[in-house]
Structures are given as structure tokens and as C-alpha cells.
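For reference, the chains in residue letters:
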Amino acid sequence: MKILVSCKQVPDPDIKAKIGDDGKTISNDGMKWVPNYFDEIACEEALRITKKTGGDVIVMCVGEKASQTQIRKMLAMGAISGIQCLTANTEEDDGAYILAKIVEREQPDLVIMGKQSTDNDAGQAGQILAEMMGWPQACYASKVDVDGDKVTVTREVDGGLETVDMTLPAVITCDLRLNEPRYTSLPNIMKAKKKKIETLSPADLGVDETPKTRIVAMTAPPERAAGVIVKDVDELVAKLRDEAKVL
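By convention here, each chain's residues receive numbers from 1 onward along its written sequence. pLDDT decides what is reported in this predicted model: residues at 70 or higher carry local features, side-chain atom pairs at 80 or more are listed and counted, and totals for whole chains, interfaces and linings draw on all residues regardless. With hydrogens and water set aside, each side-chain value is computed from the structure's full complement of heavy atoms.

This next bit is on the packing of helix 1 (residues 37-53) against helix 2 (residues 68-77). Helix axes are fitted only over the stretch in contact, all axes being lines through C-alpha atoms; the angle between N-to-C directions runs from 0 to 180 degrees. Numbering of helices and strands starts at the N terminus; helices are DSSP runs of H or I of at least 4 residues and strands are runs of E of at least 2. The geometry of helix 1 relative to helix 2 is characterised by a closest axis approach of 10 Å and an angle of 30° between their N-to-C directions. In terms of their interaxial angle, helix 1 and helix 2 are classed as roughly parallel. Considering how the two elements wind past one another, helix 1 and helix 2 form a crossing that is right-handed. When helix 1 is examined against helix 2, the residues Asp39, Glu40, Cys43, Glu44 and Leu47 are found in contact with a partner set consisting of Lys73, Met74 and Met77. Oblique is the label for any angle not under 35 degrees, not over 145, and not in the 65 to 115 range, which are roughly parallel, roughly antiparallel and roughly perpendicular in turn. Should the near helix be turned counterclockwise from the far one by less than a right angle, the crossing is left-handed, whereas a clockwise turn marks it as right-handed. A contact between two residues is defined here by any heavy atoms of the two lying within 4.5 Å.

DSSP-based pairing: two strands are paired if at least 2 bridges between them are found. The nine strands are arranged 9-8-7-10-6-1-4-5-11 in an open sheet whose pairing can be described as mixed. Among the strands making up the open sheet, the edge pair consists of strand 9 (160-167) and strand 11 (197-200). Here the strands of the sheet are splayed against their neighbours by 30° on average, with no regard to which way each runs. Pairing of strand 1 (residues 2-7) with strand 6 (residues 110-114) involves three bridges; the strand directions are parallel. The residue bridging Val5 from the neighbouring strand is Ile112, located in strand 6.

This part is about the pattern of salt bridges. By definition here, a salt bridge exists when the distance from a side-chain nitrogen of Lys or Arg to a carboxyl oxygen of Asp or Glu is within 4 Å. In this structure the tally under the stated criterion is 13 salt bridges. Among the ionic pairs, Glu106 bridges to Lys2, the shortest N-O distance being 3.0 Å. Remark: Lys2 occurs in strand 1 and Glu106 occurs in helix 3 (residues 92-106); sequence separation between them is 104 residues. For Glu106, a relative accessible area of 16% corresponds to the buried category. Residue exposure (1.4 Å probe, protein chains only): buried if accessible area is under 20% of the type maximum, exposed if over 50%, otherwise partly exposed. A residue is classified by how much of its surface remains accessible, and Lys2, at 25% relative accessible area, is partly exposed. As a salt-bridge pair, Arg105 and Glu106 come within 3.0 Å of each other at their nearest N and O atoms.

In C-alpha cells form, the structure reads like this:
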């Protein structure tokens, strides 16, 4: 089985992001970049599937050259190789168009992606990719079982759990509870440095690099107001009723 896994470089969620001077991008000053955690879950699941069925896991990434560090992380997990489309445009809808061209070229049996990226949380790349390919999709997967050309996915929905049966090829996006990504050992990190990463441009894939969406502005969330100590219950009720308007 051939599985493609997507990888996106995102700001470290443990570091407070700062808006750049242009008011439209995240500042690189003091910022640490990491693989999108949901994509690591996707890679882990792909490796578990191929351990049972045989086959290869290939990482695909849309981003600037620096994101190769994040691809290497997944190669250290066990993926066999990587494909990177070099572009500064990493918006999810634009990226999905590029990923679709990579999928068309590689013709995998299965595409596994994170359910969303932790930078903009749009959660739409997998759905756009599946629509463009005309493939069945199962999003927010918490359990995946592959049997031949059939795949059964348990997915999390508002009302509980839903089980979906699909025929391969298909697209799956992974939720947090699907698995725990493996630790990358030093020997595997060293081996990953020798694994191949093919670099392409949007032009190589026949994709117009002009952004389809435009970020007008970014603003930081308002600072949280300091708490207030009240003297008694009557004052608390009055503030909840007259100021907070929750009563």
C-alpha cells in the first residue's frame, strides 16, 4: 500500500505568536517552527497501517525551504521519502490545490492528513483535496481499519461517533484521539538526513501560484480584563446582571 501524508510547518503553539510589522503575517522573531501536530498523528497512523499491510509512507509538503526540517521529522518517524512544493503561499485552500496535483502524480492508495493546522485552524484542506480528486473522505477519524481495498473509519461528530465504510483510494483526516505519535530516536534522525526529498515548484505541477485568498489584516485578541473581588453575593449578582448581562 502506498500512503501519502501531508505535513505543514506551523508556529510552536507553546510560544506566543507575534504579528509582523506588515500586520498580515506572523513575525519570525523568536519564533520556533514545528510540524503540525495533527499531521504527526496522520504520519503515525500511516506507519501503523503499512506495518500491517506492507507498503510505503511518503510525506508531501507545501511551504518554503525551511519546512524541510519538519519533513525530516516525519522521515525520522519512518516515512520513506518526501515531496516538497516550494512556495510562500501556504493558505489551506491554495495548498490543497497543490496537494491534489501531487496526489494525481503519485496515485496513492490512501491520503492521510491532520484534521486541521494549528496556525489558522481552518480545517478544510482534506475536504477540498477529496472533492478535487473525486474520492470518498472521512474526517475527524478516531479509529481506522484497513482491509484490502476497504477502509472503515470511526469519526467524531457532534452527537457522538459515526462509522464510515469507504473503498480506496480515499482521504482521511485525523483527530487528536486517533493515536500518540512515536518518539523519534537519534539513530532514526540520522537516517532521515539521508532520505530523499524531491523539491518541485508550483509551475512543475501546472499550478498557478497566485493566491486565491488574501489576508487583509491580523489582529491580536483583546487582553483579558483583570478579575474583580466582590464583597458579597449581592454585589456578585448585581455585576453578573448589570455588567456581564448573563442573568
